[in-house]
Structure formats: structure tokens, C-alpha cells
Amino acid sequence: MSEPVLKVPAGSALRSDASLYRLKLAVTKALRAQMDSTSKWRDIAQATGTDQLIKSVHTDETFLDVIVDRMEWQDDEYDAAVRDFVGSLLGLKTNFIPFNGSVVTPTQLPVLEEMLNLPQWLAEHEPLLHGELYAPEQDHLASTFPVDLDGVLAVMDAASANLDRLQKVWERASRMLPTAPARGSDPEYDDLMRAWGTLISGLPPIEGWTITQTPPSMDEMRILYSADAEEDQPAYSVFEHIAQGPQKDLDEYRFRLAKARRVVIRDRLQDLVGIVDTLLPQILDGAPDDSTPVNDSRIEEITRSITEIERLMGDTAARVGRWGHLHRHIRFSEGHDWHDIHELDWPSVKVDIEAACFSEVDPLPIPPGVDLAHLAASKPKGPASTALNWDLLDDTGFERLLYELLLGLPGYQNVQLLMKTRAADRGRDLSAEYAYDDGAGGTRTDRVIVQDKHWRSKSVPPEEIHSGLTRIRLWEPPPIDVYIVATSGHFSPDAVAWIEKHNHDGGRPRIDMWPEARLSTLLSQKPHLVVQFGLRSASAISD
């Protein structure tokens, strides 16, 4: 559901990106807390020029009349009158259906801020709302929440728990919605709406958006039904809008929360998967495929890594892999258990991990107003750009590019990011299998290790190739058949000669060179990766 655009009035300290509905919630809370006498309500109404504001076209009652009459009882009618009064003060219609694209300027807000001491009151009593509405736009979250991974996850977990509670509130409340005009109220429904209003304060904004609407009261639904009846509209159209609106908001927030969590956990998940991918074959090398117990110090590290992986994933992806089998096999820890982990359990759960880590849901930017058919019909001329701006990538980006490239190249399978090495360049190795026709009707599979060298200022020397050969032995068993050195730069002439002699003499593993020119050729077949990793500037794309 859309929300009117808020324009900050002159004299207000409100943030420029504040939500109008969150402002309504804040003002409502402040009024309910501070207006403890009828004289204070009259002062507010007179100061804002709303003392004669009519509550309903069907009666002559003003908002002030209803509030003053019901103040002693503090009942649902009083609560509804306060909420509607605040909506009118801020320029919001009391109708549940928002109006698309409208701009609202709450001109009375500076008066309310002064009389209620609103920013200071929120800072003391509602710090989350204060942060959203009045704190400095760049640093209010950094000063409120911890920025380490565990702290951010704790905030996200709390938001997820609040969202689940809100979902349960709506599931119960939606069963009470009237399907036709009805008089009176349902006390349980009213309590559920109070719970809704409390819980949405525990949903922090994501990209500036959060749930702000409260489902309509029974009185508001009666008004909606009556308005549609006067226009000869079927009652079910109102019911469908009322019933679907809150659920759409819940689904939207759940989607945004999962998306934000993927961004937070991605790098750490890659590290943990690399640890398991590296240690699992090493444990398996000394484990017979029988019931012999396996006692290996590396099992503890694998167990810790898998536990942290599940903590990071949360509910960002469904657990459809063999998670239960994985935990059972680790617990029994016999030889055949570890063979099952390597061959069955771990490959199946990695699919879930990748879904939690690499789900891309944001579109790449496209110039506005583009029609591809019109572009094609213009018959553009000129050469196509081939240069790639490798300097735009850091070391981690280059690793990720190679990983994505291998995933899409024919014949490569089971591509893995291995644990970071202790090499001086702190590079990360990639592991893959390359399947090819053996010429006799069968298929052979070579194990491949790829080392990345994002070196732009110097060539790869022969000493680096020789030390790399020694270092990749850490990833055996199983034996390595092909060693690929991929660089965004070049190989020195001595390195090329050394590699050619090594291969000519039958040295194992065979060494393949992927210099910048080879990578450019491979990426020409994967233009989406060029755009995704920003290797070609916007001007080059438009030329």
C-alpha cells in the first residue's frame, strides 16, 4: 500500500525522510501520555485551530466534543477519536485507503512540537520513533546499535520475531472482519489492533520503509461500507481491500528483511563454507568407509562452522537439504558417517546455503524510459567497447568474479571457494571439477584448483608459480589434476617459459595460465557478469 509523501513544514525539526504514518503514531502516543485534563485538550485544539473540526458528516459532533466526553472512560471510542483527530491534524484522511502519490504538509506540526515538547519526549520515551523522525539522518543508527556482525544479527532477529508476532495478530484479527456494514465493536478485535500498533514500533525501517498503517477500526470499516453502498459498489470490494492490505505489508517487510540479511551474512558464509570444503576431504582421507570411530581435531572446527552457518542463515532460505542427516552423522562420527557427509549431506545443504547467500533480487540499473525495440531501430553505429576496467575491483571482488565465471563455464561443476590461505597476498583458492569426454564414450573428471592474482602493477613471476604449486598441496587429497593461475594482469616472460617447460616435461598438475586477455575473452561470453561487477563504465555502455 502506498503512503502519501511528507513535506516537512517550515519551523519543524523533522527529518526529511520521515514517514507520515510513523509521525502520526508518535503524535498519538505523545498526546495520549500528556493530555491528562480536558483543559489541555482544549488548549491543543485552539492552538491548532481544530476546536470546531467536525468528526462526522452524519452528526454535528466535533473531535474535541468526543474526546472530552470520553476522556474519563479512556475507552475504544476515545482511542479512535484521538487517532482520527491526529490524522486530521497532520492532513491525513481517516479513510483506510491511502491516496497514491499525494503530498501532505502537516502545517500544524511546529505547534505540536512546541506544545508537546515532541522531539525531547520521543527521545526519552520512544527512542526508536525519535531516531526515525528526528535524529540526524546519517548517524542515528550507528549511535544506537552495535555495528559488529553479531549485534546487527541480534537486531534483525528481534525484527523477525516482532514480524512473526504481528503476523499472528493479523491472522486472528482478519477472521473477525465484517463482510457487510455492522454496528458496534468487537473488544477482542480492538485489543488486537492495539497490539498491532505496539508491535509495528518494533519493525525498524528497511531502505526507509516499514509498516506504518494500522488496520481500520470497526467504525472506520462501517464508514467504508456505507460510502461504497452510496456509490452502488459491492461490499466485497471493500472487504478484499481491508483483508489484503495488512498481509501485503507483512509480506513486503518479510521480503525486505530477508534481502537485508543476505547482504549482511554473505561474506561470513563464504568464509565458513570454505572452511568446511577444505577440512572435509582432509578428514575423509584418513577415515575408512566402515563403523570405525573417527577422532580428528578438525571435526570440532567443522561443527562450529556448520552451527554458525545455521545461525547466519536464519529464515532467509528454506532448509530442504539433508540437515538432519548431517547433524546425526556428525554426532555418530564413524567412518561411513563422514563418507555420507562428504557425498550426500554437505552437497545437499550447500544448495540451501547458496540460496541464503547469493539470491540476487535487485535489478541492474537501466536508463529510464528505454525501449529496446526503439534502440534497435535507430541502427546505432560505431565500434563496441572491449576494454574492461579491472581497477574497479578489489581483491574480494576479483575472487567473486572468478567464482561466478566458473559457475557458468561449460564443463565446470562443484565450484567452491576454499578457506583463505596464509599466503602473503592473502589470496583465496577456488576448487572445481572439470568434466569432459574421454574419447571412448565415457566421461573423465579432473580436479581443478584456481589461484587468483589481482595484480595490476606487476607481472606474475616464476617464483610465484613455483610457490603456488607447493601451497596447493594443502588441498590434497584428492589429487589435483589442473592448476589454473588467473590474473587481472600478465605473466612475466620467465614465468611463461617456466610453465611451458613444466607442462612439456609432464609435470603434475598441469598448469593453465589465465591472464587478463584470456579472462576478457571468457567474459565476452558472459556480458551479464561484466555489468554486474562494473567492469565497463556507464559511458562505455552508452557509447
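Only a predicted model underlies this, so the values are computations on that prediction, with no experimental measurement involved.

**Q** Quick question: what am I supposed to make of the overall build of the chain here?
**A** Each helix and strand counted, the chain has 22 helices and seven strands in total. The buried share of the chain, reckoned over its 543 residues, is 44%. Within the chain, contacts between residues separated by at least 24 positions form 70% of all contacts whose residues are at least 6 apart in sequence. As displayed, the chain offers around 28000 Å² of accessible surface, 52% of which is attributable to carbon and sulfur atoms.

**Q** Could you clarify how one ought to interpret the side chain of N162 in this entry?
**A** Relative to the elements of secondary structure, N162 occurs in helix α9 (residues 149–174). N162 sits in the buried class, given a relative accessible area of 17%. Engagement of the side chain of N162 in a polar contact is seen with the backbone oxygen of G202, the distance being 2.9 Å. Ignoring sequence-local partners within four residues, the contact set of N162 consists of L199, G202 and L203.

**Q** Whenever I open this one, helix α4 (residues 76–89) confuses me. Can you help?
**A** Two residues of an α-helix separated by three or four positions point the same way, owing to the 3.6 residues in each turn. Here α4 is 14 residues long and its end C-alpha atoms lie 20 Å apart, about the 20 Å a rise of 1.5 Å per residue gives. With 10 of 14 residues buried, α4 lies mostly within the body of the structure. Considered for burial, the residues of α4 that qualify are Y78, D79, A80, A81, V82, D84, F85, V86, G87 and L89. G91 lies just past α4 and shows a positive phi near 90°.

**Q** Can you walk me through unusual backbone geometry in this structure?
**A** As a rule of thumb, non-glycine residues mostly have phi less than zero, and peptide bonds are mostly trans rather than cis. With an omega of 0°, the peptide bond between R508 and P509 qualifies as cis. Among the secondary structure elements, P509 is positioned in the loop between α19 (493–504) and β7 (510–514). The backbone of N117 sits at a positive phi, close to 50°, despite the residue not being glycine. With respect to the helices, strands and loops of the structure, N117 is situated in the loop between α5 (109–116) and α6 (118–125). N117 sits in the partly exposed class, given a relative accessible area of 41%. The backbone of E207 shows a phi angle near 55°, a positive value even though the residue is not glycine. Mapping E207 onto the fold places it in the loop between α10 (187–199) and α11 (218–230).

**Q** So what exactly am I meant to see when it comes to the pattern of salt bridges here?
**A** Note on pairing: side chains with opposite charge can pair once their charged atoms come close. By the definition in use, this model includes 28 salt bridges. Between R400 and E404 there is a salt bridge, with the nearest N and O atoms lying 2.4 Å from each other. Of the two residues, R400 and E404 are both situated in helix α17 (residues 395–408); the distance of four residues between them amounts to about one turn of the helix. A relative accessible area of 18% places E404 in the buried class. With a shortest N-O distance of 3.5 Å, D512 and R510 are connected by a salt bridge.

**Q** Would you take a moment to explain the packing of helix α1 (residues 20–34) against α5 for this structure?
**A** The N-to-C vectors of α1 and α5 enclose an angle of 35°; their axes lie 11 Å apart at closest approach. The handedness of the crossing between α1 and α5 is left-handed. Of the residues in α5, those in contact with L23, V27, A30, L31 and Q34 of α1 are L109, L112, M115 and L116. Residues that form the contact of α1 with α5 fall into these classes: eight nonpolar, one polar and no charged.

**Q** Looking at this structure, how should I read the pairing of strand β5 (residues 443–453)?
**A** Every other side chain in a regular strand lies on the same face of the sheet, so the side chains alternate between the two faces. Counting buried residues along β5, eight of its 11 residues qualify, which places the element largely inside the surrounding structure. The pairing of β5 with strand β6 (residues 482–487) spans six bridges and is classified as parallel. Along β6, the bridge assignment pairs D452 with A486.

**Q** Help me understand the nonpolar core in this model?
**A** Among soluble globular proteins, nonpolar side chains are generally buried collectively. Core analysis: the biggest nonpolar cluster contains 61 residues, and L23, W41, I211 and Y253 have the highest contact counts within it. The leading source of residues in this core is α1, at eight residues. Contacts of Y253, omitting those with residues within four sequence positions, involve A159, L163, L203, P204, I206, W209, T210 and I211. One finds L280, L312, A317 and C357 within the second-largest nonpolar core, a separate group that totals 30 residues.

**Q** Even after reading the chapter, I still don't get the confidence of the model for the chain, so can you show me in this structure?
**A** Interpreting fine coordinate detail is not advised for predicted regions of low pLDDT. Mean pLDDT for the chain: 81, with 82% of residues reaching 70 or above. A low-confidence stretch, residues 138–143 (pLDDT under 50), is modelled with four contacts involving residues beyond four sequence positions or located in other chains. Contacts of residues 421–426 to residues separated by more than four positions or lying in other chains number 10 contacts, the stretch itself having pLDDT below 50.

**Q** How do you make sense of the packing of aromatic side chains when you look at a structure like this?
**A** For the structure shown, the criterion picks out six aromatic pairs. For the ring pair W209 and Y253, a centre distance of 6.3 Å and an interplane angle of 40° mean the geometry is tilted. One end of the pair, W209, is in the loop between α10 and α11; the other, Y253, is in helix α12 (residues 235–285), and 44 residues separate them in sequence. The burial state of W209 is the same as that of Y253; both residues are buried. Note on W390 and F398: the rings are 6.1 Å apart at their centroids and 75° apart in plane angle, and the pair reads as edge-to-face. W390 sits in the buried class, given a relative accessible area of 1%. For F398, a relative accessible area of 0% corresponds to the buried category. These aromatic residues form a ring-pair network of at least three members: Y412, Y434 and Y436.

Parameters and conventions
- Residues numbered from 1 in each chain as written.
- Predicted model: local features only at pLDDT ≥ 70, side-chain atom pairs only at ≥ 80, totals over all residues.
- Heavy atoms only, no water.
- Helix = DSSP H or I, 4+ residues; strand = E, 2+ residues; numbered from the N terminus.
- Buried < 20%, exposed > 50% of the residue type's maximum accessible area, 1.4 Å probe, protein only.
- Contact = heavy atoms within 4.5 Å.
- Areas by Shrake-Rupley, 256 points an atom, 1.4 Å probe, with all protein chains shown as cover.
- Polar contact = N/O pair within 3.5 Å; in protein donor to acceptor, adjacent residues only side chain to side chain.
- Expected span 1.5 Å × (residues − 1).
- Salt bridge = Lys/Arg side-chain N within 4 Å of Asp/Glu carboxyl O.
- Axes fitted to C-alpha atoms, helices over the stretch in contact; angles between N-to-C directions.
- Left-handed = near helix turned anticlockwise from the far one by under 90°.
- Nonpolar A, V, L, I, M, F, W, Y, C, P; charged D, E, K, R; others polar.
- Pairing = 2+ DSSP bridges.
- Core = buried A, V, L, I, M, F, W, Y, C linked by side-chain atoms within 4.5 Å.
- pLDDT = per-residue confidence, 0-100.
- Phe/Tyr/Trp six-rings, centres within 6.5 Å; stacked < 30°, edge-to-face > 60°.

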